Amino acid sequence: MTPPRFRAGRMLDAAAIRAAAEAHPRLRGFMRNVAEHSEHGDRRAGALMEHIIRRVVDDVGDLHLGNATARLKNIEVLRDNLTAVLDHVLEGRELPEGVRAEAFGQYVDQLATEMRELGRPREAIVGNEPLRLYDDVAAYADALMREFEAAEGSAGVHVEPSAALSDAYRALPADQQAVLRKAAALDASAVWKRVSAESETGAQRSAAALDRSMAGRLTPDEMTRLHSALDHLGKARNTGLQVSAARLAQALEHVVDADLRAVVANSDVWILPQLAMHNPQALAALWEAFRRKGGDAADAAGFRAYVRHEMVTFGRGVVGEYTAAFSLSSIEMFLKGPDADVRVRGTDLVGIGHDGWVWLVDDKSHRAASVSSVTALTDNLTTNLRRDAGDFRTALAELRRQDPGFVPDPRVLDAIQRMDDAAAEIDRINRSEPADTRPAQIRQALTDRKLRLHVTSAAGQITEITQALRDLGLGVERTGLTVPQPTPGGR
């Protein structure tokens, strides 16, 4: 990630940043969660929030100021060109060599364009595309945290859990302790790489390297005991890095079910203990669902696999919806935003774009590269249009009830009416028109009412949709990658 050049974030007042963060419910909730779960308290949570805001302002500032700088340079060149032409004309001389008469008009048009784009920076930078601060959200977050840790000094220093490792070593059988000492004397680096591997792939590579290093130096039986010992030490190290004994014990006190408590206590560090500490209510709900579906109370591996499956499928959908919402910069106002109920049928997002078009969005954060079915925007489109329009009217009525002086945005009322009109027309088409002409007619009905169907894959791998979906006017977009979508009206 390229460091910011202009550092606009440095100009922000620290007190103003924190006051703004405290006044915003979601930012305030973020700081509270960090303070509760990071073991570093409110001060560090506030510092992290300030760092994030400054860095985002830096990056957005770079985009805008970089664009403005480039346009000012272009304006300077065009001004010089126009001045040279005018000087020659006013002095009665011929035009400069290589300059045609029509070039003057072209210079004027280009200057007008540059001046106009200078006054609307977002459109000039990305048009209707997302404002991209990063190509990879994980890499951006990692770089941001590394910057923060470095700025915080010793708070970011890595400390090995030596006490946990010592306890794990003392708990080994004597024959495993002996072979571990022998292997460490032969190649301490290879042994430590095997213990400190933090991924399955890394563990496999380090184990293979250790086998090569110990070939002919340890017997097969000694190698078996060595790997068993290193497995135990590696698990103890990971646990020590991620979960302190005190925190885990405190979390287990809130786990009422004795079977679940035993499963968590004996599990690896990566999923169940973390869930017990950070969201015990969700852990209990997952355990109840697992048992209700026939899971055995003693099947720790089965429950871990079940939780992981839920995290991958359900969690991916939640992340996808929120990421899509923040990535679709063309949407100026959301009527239906992201939420945690990703299993509820219907559209995921509904918004109004800068140009007045209504966006109906369904996020498909799948691993597959292609999608052929988007029922929320095809088979169930009429139902979903009417349901969403009805929900929006209900929400407006509630706002009026709470505040009799509330006046809805005319764009919202217009969007709701267009959704109802489209639903009625699509219903008519499906009931009375030939099947082979329906896709084109539905697409035209949506276009006439300025409704756009859109598929996102913010947390997935989808980059294309079938021709049948394109025929209905659907476009698809993935964070950092956009597949060209049909223009309104099919042109």
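You'll find the structure just up there.
What you see is a predicted model; the values in this text were computed from it and never measured.

Caption draft 1: Fine view of the pattern of salt bridges. Enumeration over the complete set of coordinates arrives at 17 salt bridges. As a salt-bridge pair, Asp-409 and Arg-411 come within 2.9 Å of each other at their nearest N and O atoms. By relative accessible area, which is 38% here, Arg-411 ends up partly exposed. If you follow the salt bridges from partner to partner, you end up with Glu-332, Asp-409 and Arg-411 in one network.

Caption draft 2: Geometry of helix α18 (residues 438-448). Looking only at α18, the buried set comprises Ile-442, Arg-443, Ala-445, Leu-446 and Thr-447. Summarising the contacts, the buried residues of α18 are in contact with α16 (381-402), α17 (410-432), β5 (451-456) and α19 (467-471). After α18 finishes, the residue Lys-450 shows a positive phi value of roughly 55°.

Caption draft 3: The environment of Thr-447, seen in detail. If you trace the backbone, Thr-447 turns up in helix α18. By relative accessible area, which is 17% here, Thr-447 ends up buried. For the pair Thr-447 and Gly-473, spaced 26 residues apart in sequence, the C-alpha separation works out to 8.7 Å.

Caption draft 4: View of the packing of helix α12 (residues 258-265) against helix α14 (residues 280-292). In the contact formed by α12 and α14, the axes pass within 11 Å of each other and the chain directions differ by 110°. One element, α12, and the other, α14, form an angle in the roughly perpendicular class. Regarding α12 and α14, the two cross each other, and that crossing is right-handed. When α12 is examined against α14, the residues Asp-259, Leu-260, Val-263 and Val-264 are found in contact with a partner set consisting of Leu-283, Ala-284 and Trp-287. Across the contact of α12 with α14, the residue classes break down as six nonpolar, no polar and one charged.

Caption draft 5: Structural view of the packing of aromatic side chains. One pass over the full model with this rule turns up four aromatic pairs. Measuring from ring centre to ring centre gives 5.9 Å for Trp-287 and Phe-290, while their planes differ by 35°; the resulting arrangement is tilted. Of this pair, Trp-287 and Phe-290 both sit in helix α14, three residues apart, which is roughly one turn of the helix. Ring centres of Phe-290 and Tyr-306 lie 5.7 Å apart, and the angle between their planes is 45°; this geometry places the pair in the tilted category. Here Tyr-306 lies in helix α15 (residues 300-327) and Phe-290 lies in helix α14, a separation of 16 residues in the sequence. No difference in accessibility class separates Phe-290 from Tyr-306, as the two residues are buried. In this structure an aromatic cluster arises from ring pairing among Trp-287, Phe-290, Phe-303 and Tyr-306. Its guanidinium or amino end placed over the ring of Trp-357, Arg-452 lies 4.8 Å from that ring's centre, counting from NZ or CZ.

Caption draft 6: Structural detail: the packing of helix α7 (residues 162-170) against helix α8 (residues 174-196). The N-to-C vectors of α7 and α8 enclose an angle of 145°; their axes lie 14 Å apart at closest approach. Remark: the crossing between α7 and α8 carries right-handed chirality. Along the contact surface, α7 presents Leu-165, Tyr-169 and Arg-170, while α8 presents Gln-177, Leu-180, Arg-181, Trp-192 and Val-195. Looking at side-chain class alone, the contact of α7 with α8 contains five nonpolar, one polar and two charged residues.

Caption draft 7: Representation of the nonpolar core within the structure. Counting 29 residues, the largest nonpolar core has Leu-360, Leu-385, Met-419, Leu-446, Leu-451 and Leu-474 as the members making the most contacts within it. Top contributing element to this core by residue count: α17, with eight residues. Membership of the second largest hydrophobic core comes to 21 residues, among which are Leu-260, Leu-275, Met-277 and Trp-287.

The rules behind the values
- Residues numbered from 1 in each chain as written.
- Predicted model: local features only at pLDDT ≥ 70, side-chain atom pairs only at ≥ 80, totals over all residues.
- Heavy atoms only, no water.
- Salt bridge = Lys/Arg side-chain N within 4 Å of Asp/Glu carboxyl O.
- Buried < 20%, exposed > 50% of the residue type's maximum accessible area, 1.4 Å probe, protein only.
- Helix = DSSP H or I, 4+ residues; strand = E, 2+ residues; numbered from the N terminus.
- Contact = heavy atoms within 4.5 Å.
- Axes fitted to C-alpha atoms, helices over the stretch in contact; angles between N-to-C directions.
- Parallel < 35°, antiparallel > 145°, perpendicular 65-115°, else oblique.
- Left-handed = near helix turned anticlockwise from the far one by under 90°.
- Nonpolar A, V, L, I, M, F, W, Y, C, P; charged D, E, K, R; others polar.
- Phe/Tyr/Trp six-rings, centres within 6.5 Å; stacked < 30°, edge-to-face > 60°.
- Lys NZ or Arg CZ within 6 Å of the ring centre and 35° of its normal.
- Core = buried A, V, L, I, M, F, W, Y, C linked by side-chain atoms within 4.5 Å.

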